[in-house]
Amino acid sequence: MVPCSTPVASLRQHISLGRAARALGLDVLLHTHPLAATIWSRVPTVMVLLDVYPLLFPRDFPRGTALYYKTVGALAGRAAVRIIAISEATRRDA
């Protein structure tokens, strides 16, 4: 594991994490939360999906959170080679 100090949910994150992974020669980049996922990387990515509450209950979250999940989260999910849902309920919700 190599920590990378990049602002979460930022444009910089989407550019620098993939570049850093490639420069380090990583085989895979693991994203443990959709807010930390990248939408593009030459290194294969795996995304852990904890829940999709902002999509199910958008009124309970700041407007930006639901929008981020809907747009960037969806793009990151499509870019990932695998998505790991933490439960069957999360898999169904997604």
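This write-up is about the structure you can find in this document. (Residues numbered from 1 in each chain as written. Predicted model: local features only at pLDDT ≥ 70, side-chain atom pairs only at ≥ 80, totals over all residues. Heavy atoms only, no water.)

## With respect to helix α1 (residues 11-23)
Now for step 1: With 13 residues, α1 extends 19 Å between its outermost C-alpha atoms, agreeing within 8% with the 18 Å of an ideal straight helix rising 1.5 Å per residue.
Now for step 2: Within two residues after α1, G25 carries a phi angle of roughly 75 degrees, on the positive side. (Helix = DSSP H or I, 4+ residues; strand = E, 2+ residues; numbered from the N terminus. Expected span 1.5 Å × (residues − 1).)

## Section: helix α3 (residues 63-79)
Now for step 1: Taking 1.5 Å per residue, 17 residues should reach 24 Å; α3 reaches 24 Å between its end C-alpha atoms and fits that length.
Now for step 2: Largest kink in α3: about 35 degrees, centred on Y69.
Now for step 3: Looking only at α3, the buried set comprises A66, Y68, Y69, V72, G73, A76 and G77.
Now for step 4: At its buried positions, α3 is contacted by α1, β2 (45-49), α2 (53-56) and β3 (82-85). (Bend = angle between axes of the 7 residues up to and from the residue. Buried < 20%, exposed > 50% of the residue type's maximum accessible area, 1.4 Å probe, protein only. Contact = heavy atoms within 4.5 Å.)

## Regarding the sheet that holds β3
Now for step 1: Spatially, the three strands line up as an open sheet ordered β1-β2-β3, and their pairing is parallel. If you trace the sheet from one side to the other, it starts and ends with β1 (29-31) and β3, each paired once. Ignoring which end each strand starts from, the neighbouring axes of this sheet average 20 degrees apart.
Now for step 2: For β1 and β2, the ladder comprises three bridges, and the chain directions are parallel. Looking at β2, one finds that L29 is bridged to T45. (Pairing = 2+ DSSP bridges. Axes fitted to C-alpha atoms, helices over the stretch in contact; angles between N-to-C directions.)

## Section: the pairing of β2
Now for step 1: Burial analysis of β2 places five of its five residues in the buried class, which makes it a mostly covered element.
Now for step 2: Across the two faces of β2 the burial is the same, with T45, M47 and L49 and V46 and V48 all buried.

## Quick look at a nonpolar patch on the surface
Now for step 1: Together, Y53, L56, F57 and F61 make up an exposed nonpolar region whose accessible area comes to about 370 Å².
Now for step 2: Residue placement: L56 occurs in helix α2. (Patch = residues over 30% accessible without salt bridge, like charges linked within 9 Å, V, L, I, M, F, W, Y side chains within 5 Å. Areas by Shrake-Rupley, 256 points an atom, 1.4 Å probe, with all protein chains shown as cover. Salt bridge = Lys/Arg side-chain N within 4 Å of Asp/Glu carboxyl O.)

## Things to note about the environment of R92
Now for step 1: Structurally, R92 is set in helix α4 (residues 88-93).
Now for step 2: By relative accessible area, which is 57% here, R92 ends up exposed.
Now for step 3: Spatially, the C-alpha atoms of R92 and L30 are 22 Å apart, while their sequence positions differ by 62 residues.

## Quick look at the pattern of salt bridges
Here the idea is simple: oppositely charged side chains can pair when their charged atoms come close.
Now for step 1: What the rule picks out here adds up to one salt bridge.
Now for step 2: Between E88 and R91 there is a salt bridge, with its nearest N and O atoms 2.5 Å apart. Of this pair, E88 and R91 are both found in helix α4, three residues apart, which corresponds to roughly one turn of the helix.

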